[in-house]
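Structure at a glance
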Amino acid sequence: MTKRECEARRLQNTEKKDWGMLARRCALSAGKLIEEMLVHPLEVMYKTSSSDLVTSVDRAVEQMVIDEIFKVYPDHGILGEEGLVACEPSKFETVWMIDPIDGTTNFVHQRQNYCVSIAAYHRGVCEVGVVYDPTRQELFYAERGGGIFLNDAPLRVKRNKEMKEALISTSLFWNRRAIKNGLSEKAQRLAHRARGVRIYGVAALELAYVAAGRLDAYISPGLNAWDLGAGRLLVEESGCKISTIEGKELPFAERTSVLAANPNIYDFLLEFLTEHTV
């Protein structure tokens, strides 16, 4: 490696750490803002349907995170769920993906089982990922090549997991496309091969749980880029595997299916889900 390449890598690593600190700071600040806003009545609105909700809190949190990022990096791109900043990701070297409240329906109904998700991508590669659960005060975070942490404690995933021991989370049961192509029926059969199946309705947190070993797999027929923006890096850094349901590499800044799993059961799940699928 040349002196110039060494210097470029050093600068990149320094910047990545700065991104990581900023992402964690924003996530914690978001948690405080959510708590403060919940003192007042919650304003709930519909986006595309009665099941696609947005609240005044979602928008306030996203705006706060955007403002904090732009204070430091005004030339970076922003891709947020609420679309408060118009951004074409391909036109920026560095893009921040923000889901201010992943699991908004849970947030509205339960005031729990939701999270804040923030990720920094450089040239299409996720370099920093943070998922914060304010109700449990759990901060999952990772920097590429540095492992995964929960509240500053490193996490390790048990690798010798067997299918009969697996706890799986999925949204395949009710998704229309999954029902049409047979994946919903497969999910029902899969439930008999595993220890249990859960539906949490909060993709970013479910990916964090796979990375932490609390879940052994998460399967979704379709997630937006901000849903998996941070979670994909947490899964990768934990040593688990993540891809589309077809086993392809996840795209950058596009809607996609997702299969994230403990490395010991990933191949079985991939074969099970893709065999004879329409």
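We now turn to the structure provided with this report. (Residues numbered from 1 in each chain as written. Predicted model: local features only at pLDDT ≥ 70, side-chain atom pairs only at ≥ 80, totals over all residues. Heavy atoms only, no water.)

Some remarks on the pairing of strand β5 (residues 115–122)
Burial analysis of β5 places eight of its eight residues in the buried class, which makes it a mostly covered element. Because side chains alternate across β5, one face comprises the buried residues C115, S117, A119 and Y121, and the other comprises V116, I118, A120 and H122, equally buried. Pairing of strand β4 (residues 94–102) with β5, which is carried by seven bridges, proceeds in the antiparallel orientation. Directly across from I98, in β5, lies its bridge partner I118. In the sheet, β5 pairs with strand β6 (residues 125–133) via seven bridges, with the strands oriented antiparallel. Across the sheet, the residue bridging to Y121 is C126, located in β6. (Buried < 20%, exposed > 50% of the residue type's maximum accessible area, 1.4 Å probe, protein only. Helix = DSSP H or I, 4+ residues; strand = E, 2+ residues; numbered from the N terminus. Pairing = 2+ DSSP bridges.)

Observations concerning the pattern of salt bridges
Side chains that differ in sign of charge can pair as their charged atoms come close. This model, assessed by the stated rule, comprises eleven salt bridges. Between E143 and R24 there is a salt bridge whose closest N-O contact spans 3.8 Å. With E143 in strand β7 (residues 138–143) and R24 in helix α1 (residues 3–37), this pair connects stretches of sequence that are 119 residues apart. Here E143 matches R24 in class, with each residue buried. The shortest N-O distance in the salt bridge between D133 and R136 comes to 2.6 Å. Judged by its relative accessible area of 0%, D133 falls in the buried class. Put simply, K17, R24 and E143 are held in one network by salt bridges that share partners. (Salt bridge = Lys/Arg side-chain N within 4 Å of Asp/Glu carboxyl O.)

With respect to helix α5 (residues 183–191)
Inspection of α5 places L183, S184, K186, A187 and L190 among the buried residues, and these make up the whole buried set. Projected down its long axis, α5 shows its buried positions confined to an angular sector of 155°, all on one face. Among the structural elements, β10 (167–170), α4 (176–180), β12 (217–223) and α9 (266–274) are those in contact with the buried residues of α5. (Arc of directions from axis to C-beta. Contact = heavy atoms within 4.5 Å.)

Here we look at the sheet that holds strand β8 (residues 148–150)
Taking strand neighbours across the sheet as the criterion, the seven strands line up as β3-β4-β5-β6-β7-β8-β9 in an open arrangement whose pairing is mixed. Each end of this open sheet is capped by a strand with a single partner; those strands are β3 (77–80) and β9 (153–154). Relative to β4, β3 is paired through four bridges, and the arrangement is parallel. Looking at β4, one finds that G77 is bridged to V95.

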